[in-house]
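# Summary of the model geometry
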Amino acid sequence: LINHALQVNGFKTINGYSDLLAPYLGAAGGFAAACGWWNTLKAFSLKKFEPAPPQFMRKAVPRYTSVSLLKSIRSTELHDLRDDFPEILNTLPSDKYYDAAEGSEPAEGWHESLQNWEALRTMISCCTAKDVRSAIKACHRALIGAEDLYGRIADVGYTLRDRSSNAHVEAIRYELDAFSELAEI
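This report concerns the structure included in the present document.

Conventions we followed
- As a convention, each chain's residues are numbered from 1 in the sequence order in which they are written.
- Since the coordinates come from a predicted model, pLDDT governs what is reported: local features require at least 70, and pairs of side-chain atoms require 80 or more to be given and counted, while whole-chain, interface and lining totals use all residues.
- Computation of side-chain values covers all heavy atoms of the structure but excludes hydrogens and water.
- In this text, helices come from DSSP runs of H or I with a minimum length of four residues, and strands from runs of E with a minimum of two, each type numbered from the N-terminal end.
- Working rule for contacts: check all heavy atoms of both residues, and any pair within 4.5 Å makes them a contact.
- Using a 1.4 Å probe, the Shrake-Rupley method yields the accessible areas, and only the shown protein chains count as cover for residues.
- For salt bridges, the criterion is a side-chain nitrogen of Lys or Arg within 4 Å of an Asp or Glu carboxyl oxygen.
- The buried label goes to any residue with under 20% of its type's maximum accessible area, the exposed label to any with over 50%, and the partly exposed label to all in between, with areas taken from a 1.4 Å probe on protein chains only.
- Buriedness for pockets is judged along seven lines, at least five of which must meet protein on both sides within 12 Å for an open set on the 1 Å grid over protein atoms alone, while cavities are sets there where a 1.4 Å probe fits but cannot get out, and lining residues have an atom within 4 Å of a point.
- Grid points are joined across faces, edges and corners, and a volume is the space filled by probe spheres set on the points.
- Aromatic rings from Phe, Tyr and Trp, taking only the six-membered ring of Trp, are treated as a pair when their centres fall within 6.5 Å; an angle between ring planes under 30 degrees marks them as stacked, one over 60 as edge-to-face, and anything in between as tilted.
- Put simply, buried Ala, Val, Leu, Ile, Met, Phe, Trp, Tyr and Cys residues joined by side-chain atoms within 4.5 Å make one nonpolar core.
- How far a helix is expected to stretch is found by multiplying one less than its residue total by 1.5 Å.
- Note on terminology: disulfide denotes any pair of cysteine sulfur atoms within 2.5 Å.

## A short note on the overall build of the chain
If you tally the helices and strands in the chain, you get 7 helices and 4 strands. In the chain, the succession of helices and strands from N to C terminus is α-β-α-β-α-β-β-α-α-α-α. Long-range pairs, those at least 24 residues apart, make up 62% of the contacts in the chain between residues at least 6 apart in sequence. Summing over all exposed atoms, the chain offers an accessible surface of approximately 11,300 Å²; the carbon and sulfur share of this is 58%.

So this is what it looks like as structure tokens:
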């Protein structure tokens, strides 16, 4: 709603730490979005600024941002599903970093960032329209497509991990509807 109100009043809003919310912020009137290289820079969290107890450092599990799922999934999940559900792949140039012969895992950590940014750009273009009402409709179409794909994955008995699950679909739908009502669209 803030993005929309500012845009209607002539401001250009840049949303930081937005990652996978960027398409919806853009549909509501956001001018640009930014996210970082790694998960700690993609989405804002106060935990980043709190003192943390010493921990063993472990390598982050590589993820693949799927435009059709509107979500990132583990590279292992991509590897398990890509043959039965090829629509999980984005068919974008950065897909080359997730070669099935290599276990669908990128060779370099920065490949994941490039793939994520390319997928975000595609997701944003899918939710962009001349007016907010059309953009919200485009977002809803994308959510319906993601919901269908998640359903077909569940139908074959494959269970995605919590962070890769479809929980975001209903939450985003609810927020888009609430935004539409508040903005009187």
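We are not done yet, so read on.
## A look at the pattern of salt bridges
In the structure shown here, the tally under the stated rule is 5 salt bridges. For arginine 152, the salt bridge is made with aspartate 148, and the minimal N-O distance between the two is 3.2 Å. Taken together, the residues arginine 152 and aspartate 148, both in helix α6 (residues 132-155) and 4 residues apart, mark about one turn of the helix. Its relative accessible area of 33% is what places arginine 152 among the partly exposed residues. A relative accessible area of 44% means that aspartate 148 is categorised as partly exposed. When salt bridges with common partners are traced through the structure, they connect Glu87, Asp148 and Arg152 into a single cluster.

## Quick word on the layout of surface pockets
Looking at the second largest pocket, its volume works out to about 300 Å³. Forming the boundary of the second largest pocket are Leu1, Ile2, Asn3, Leu21, Tyr24, Leu25, Ala28, Ile172, Glu175, Leu176, Phe179 and Leu182. At 5 residues, helix α7 (residues 167-182) tops the list of elements feeding residues into the lining of the second largest pocket.

## Some points on the packing of aromatic side chains
Applying the stated rule across the entire model yields 2 aromatic pairs. Between tyrosine 97 and tryptophan 110, the aromatic rings sit 6.3 Å apart at their centres with planes inclined by 65°, giving edge-to-face as the arrangement. Within this pair, whereas tyrosine 97 is found in the loop between α4 (75-81) and α5 (109-126), its partner tryptophan 110 is found in helix α5, the two being separated by 13 residues in sequence. Residue tryptophan 110 is classed as partly exposed on the basis of its relative accessible area, which comes to 39%.

## Re the nonpolar core
Of all hydrophobic cores here, the largest spans 36 residues; its most connected members are Tyr24 and Ile88. A per-element tally of this core places α6 first, with 10 residues. If near-sequence neighbours (up to four positions away) are discounted, isoleucine 88 is found in contact with Tyr64, Ser66, Ser68, Leu69, Ile73, Leu78, Leu81, Leu149 and Ile153.

## Things to note about unusual backbone geometry
Within the chain, threonine 91 stands out as a residue other than glycine whose phi angle is a positive 55°. Mapped onto the fold, threonine 91 is located in the loop between α4 and α5. Phi is positive for glutamate 184, which is not a glycine, with a value near 55°. Within the element layout of this structure, glutamate 184 appears in the segment after α7.

## Points about α5
Side chains of residues three or four places apart in an α-helix project in the same direction, reflecting 3.6 residues per turn. A rise of 1.5 Å per residue sets the reference length of α5, with its 18 residues, at 26 Å; its end C-alpha atoms lie 27 Å apart and thus fit the reference within 8%. Those residues of α5 not exposed but buried are His111, Glu112, Ser113, Gln115, Asn116, Glu118, Ala119, Leu120 and Met123.

## A word on the state of the cysteines
Following the criterion strictly, the structure yields 0 disulfides and no others. No disulfide involves cysteine 126; its sulfur sits 6.5 Å from the nearest other cysteine sulfur, which is in cysteine 127.

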